[in-house]
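Descriptive analysis of the structure
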Amino acid sequence: MIAQKKKVYLETYGCQMNVSDSELVLGLLNKEGYDITNSIEEADVVMVNTCSVRENAEQRVYGRLGEFKALKNKNPEIVVGVLGCMAERLRDKLTDEKAKGVGQIVDVIIGPDEYRKVPELVNKAWHGEKGIAVRLSRVETYDDLEPLRTEGISAWITVMRGCDKFCTFCVVPFTRGRERSRTLTSIVHEVELLSARGFKEVTLLGQNVNSYRDGEYDFADLMRSVAEVDSSIRVRFTTSHPQDMSDKLIKTIASYPNICKFIHLPFQSGSSRVLEAMNRTYDREHYMRLVKKIKRTIPDVCLSTDIIAGFPTETEDDHRQTLSVLNEIRFDGAFMFKYSPREHTPAFTMVDDVPEEVKSRRVTEIVELQKAISLEKNREMLGKTVEILVEGESKKSSLEWHGRTDGNKMVVFPKGDFSIGDYVTVTIVRANSATLFGEAHSYGEEIPEELLAAVA
Ligand code: SAH
Ligand code: SF4
Ligand code: F3S
């Protein structure tokens, strides 16, 4: 009799790097003979890939582990694993049987640089052996491993790992260790394989992608090489740090039609004094000049950003400076957070002196302003014709597709005869702050007068 394959269920929290790492881990387990399942009830191995960036990210994972406890009570055989950034930060807590009870149920704890050990440690856990592997590495890039990609047309590719920036609020340098890059040839080879499989979009990932380096090649060289593999593949990247955004990279983005004209460029605070306290290594003027240059070189560029409200010592005036950056630049989108003190980071020793209600009020003001700007910017798209890559069914209707513009704006439109992976020309007829709605055309087809009249 053939033994039934064991099934693995993996839930992912945090940034895209974690999504990409989860694909690596599933690739390793799959090769080892495990099946992957989306149903936690039928799983023999239940894992979470975790994030430590803010307190509430960790709380969510603790909550989830609490729920896994019920599963384990029902079936003590299952193996529970904690992967990712929390494994680095909280290994002691996670093994402490008293700490919220999760110590009793966690069998394996594996940090971001030790994923090669996942199959071995999970195999040992079947025999009751608990396992921890949380060492950080200066060299591990998983260059030779094949991730398990189940999503059809869009691929994440981690090109560099770690971060050397040490912004004072941030845990990432502690949870992911020092910067290191994959080789350009291995990345280009991966894109060639993805092209042969019919992929239509790749996103190059790193906490600080512009620090990418392989000998004499920098990130702009990598972007160029990737863009040249297949002109029908869209190339995106995230995240870039304002300090390392080179002219060469801006020009490279401008000069390749298949490099998306979209840049995520976190500014965090509009106040140079706060930026200094954050150790962001640039000031407000540098950031504004940089954005001007980007807009000049890439006229249709779409921009998004990250903002932290209520960093220690932030005054009302600092906060107003953040709002004024939003008004001046008019980002297409933003991720906005309340400052969350993280143990062991340099800012943790500063007094968290902005009261919770002030942080909440400030972040709400930022969110409201950005929402209004996003709506205005989306309304500017009315009547415009854009090219969309069809990514999947709309969440709200099985009769519609969703896809994104080159500038990363989500567009929903009737399915027609189009399929996932098609590039479709769409005229925008309706907009809210998060989504555009459109009508599709075939290439070369004239846009009907009544459609344009409807949006005028
Ligand atoms: N490497 C990226 C950011 C990674 S973390 C960069 O430097 O741009 C994603 C975002 O989370 C950050 O840009 C920041 O806005 C937010 N963040 C990180 N640490 C935080 C903290 N302690 N409190 C609140 N927000 C935080
Ligand atoms: Fe964190 Fe700063 Fe590194 Fe981004 S650049 S990951 S915010 S330390
Ligand atoms: Fe979170 Fe780690 Fe990413 S802390 S944001 S999962 S690098």
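Calculation criteria
- Residues numbered from 1 in each chain as written.
- Chains lettered and ligands numbered in written order.
- Predicted model: local features only at pLDDT ≥ 70, side-chain atom pairs only at ≥ 80, totals over all residues.
- Heavy atoms only, no water.
- Helix = DSSP H or I, 4+ residues; strand = E, 2+ residues; numbered from the N terminus.
- Rg over C-alpha atoms; globule rule 2.2 N^0.38 Å.
- Contact = heavy atoms within 4.5 Å.
- Expected span 1.5 Å × (residues − 1).
- Buried < 20%, exposed > 50% of the residue type's maximum accessible area, 1.4 Å probe, protein only.
- Arc of directions from axis to C-beta.
- Domains from an automatic or database assignment.
- Near = heavy atom within 4 Å.
- Nonpolar A, V, L, I, M, F, W, Y, C, P; charged D, E, K, R; others polar.
- Phe/Tyr/Trp six-rings, centres within 6.5 Å; stacked < 30°, edge-to-face > 60°.
- Salt bridge = Lys/Arg side-chain N within 4 Å of Asp/Glu carboxyl O.
- Pairing = 2+ DSSP bridges.
- Polar contact = N/O pair within 3.5 Å; in protein donor to acceptor, adjacent residues only side chain to side chain.
- Core = buried A, V, L, I, M, F, W, Y, C linked by side-chain atoms within 4.5 Å.

Each helix and strand counted, the protein has 14 helices and 21 strands in total. Computed over its C-alpha atoms, the radius of gyration of the protein comes to 23 Å, within 12% of the 23 Å expected for a compact globule of 456 residues. The C-alpha extent of the protein, read off along each of the three principal axes, is 70 × 60 × 45 Å. Nonlocal contacts in the protein, meaning residues at least 24 apart in sequence, comprise 73% of its contacts between residues at least 6 apart.

Bringing helix α12 (residues 316-329) into the picture now. Compared with the 20 Å implied by 1.5 Å per residue over 14 residues, the 20 Å span of α12 between its first and last C-alpha is a close match. Looking at α12, one finds that the buried residues are D318, H319, T322, L323, V325, L326 and I329. Buried residues in α12, looked at end-on, bunch into an arc of 150°, giving them a common side. As for α12, its buried residues are in contact with α10 (272-277), α11 (284-297), β15 (302-309) and α13 (356-379). Looking one or two residues past α12, R330 carries a phi angle of roughly 55°, positive in sign.

So, about the domain arrangement of the protein. Domain assignment breaks the protein into domain 1 (7-133), domain 2 (154-379) and domain 3 (385-454). Each of domain 1 and domain 3 has a C-alpha centre, and the two are 39 Å apart.

In this section: the site of ligand 3. Residues in close proximity to ligand 3 include C15, N18, T50, C51, S52, V53, C85, V172, R176 and Q207, which together make up its full environment. Classifying every residue of the shell around ligand 3 gives 5 nonpolar, 4 polar and 1 charged. Each of domain 1 (7-133) and domain 2 (154-379) contributes no fewer than three residues to the shell around ligand 3.

Let us now look at the packing of aromatic side chains. According to the stated counting rule, one finds 8 aromatic pairs in the structure shown. With a centroid separation of 5.5 Å and 50° between ring planes, the pair formed by F267 and Y287 is classed as tilted. Pair noted here: F267 is in the loop between β14 (262-264) and α10 and Y287 is in helix α11, with a separation of 20 residues, a long-range link. Each ring, one from F267 and one from F331, has its centre 5.7 Å from the other, and the planes form 10°; the classification is stacked. Here F267 is found in the loop between β14 and α10, whereas its partner F331 is found in the loop between α12 and β16 (333-338), with 64 residues between them in sequence. For F267, a relative accessible area of 1% gives the class buried. The buried category is assigned to F331, whose relative accessible area is 0%. A network of ring pairs unites the aromatic residues F267, Y282, Y287 and F331 as a single cluster.

For the structure shown, the criterion picks out 41 salt bridges. Residue R273 is joined to D318 by a salt bridge in which the shortest nitrogen-to-oxygen separation is 2.6 Å. Note that R273 is positioned in helix α10 and D318 in helix α12, a separation of 45 residues in sequence. Given the relative accessible area of 4%, D318 is considered buried. It is possible to trace a salt-bridge network through shared partners that takes in D21, D113, R161, R176 and R180.

A few words now on the pairing of strand β3 (residues 45-50). Among the 6 residues that make up β3, 6 are buried, leaving the element largely enclosed by the rest of the structure. Because side chains alternate across β3, one face comprises the buried residues V45, M47 and N49, and the other comprises V46, V48 and T50, equally buried. Alignment of strand β1 (residues 7-12) against β3, held across 5 bridges, turns out to be parallel. The partner of L10 across the bridge, within β3, is M47. In this structure, β3 lies alongside strand β4 (residues 79-84), joined through 6 bridges in parallel fashion.

Topologically, R178 is positioned in the loop between α6 (172-176) and β9 (180-181). You can call R178 partly exposed: its relative accessible area is 21%. Apart from the residues within four sequence positions on either side, R178 is in contact with R138, R161, G162, C163, D164, F166 and P173. One polar contact links R178 to D164, side chain to side chain, over a distance of 2.7 Å. Of note is the side chain of R178, whose polar atom sits 3.4 Å from the backbone oxygen of P173.

Assignment of secondary structure puts N378 in helix α13. The exposure class of N378 is buried, given its relative accessible area of 3%. Within the local environment of N378, its side chain forms a polar contact with the side chain of K409, the two groups lying 3.1 Å apart. Here S433 takes part through its backbone oxygen, which lies 3.2 Å from a polar atom of the side chain of N378. Setting aside residues up to four positions removed in sequence, N378 forms contacts with K409, A431, N432, S433, A434, T435 and L436.

Moving on, we get to the nonpolar core. Counting residues in each nonpolar core, the largest one holds 65 residues, and the members touching the most others are V159, L204, F219, I263 and I294. Sort the elements by how many residues they give to this core and helix α8 (residues 219-227) lands first, with 6 residues. The residues contacting V159, other than those within four sequence positions of it, are S181, R182, I187, L204, L205, V209, Y212, F219 and L222. With 23 residues, the next largest nonpolar core counts I40, V48, L65 and F68 among its residues.

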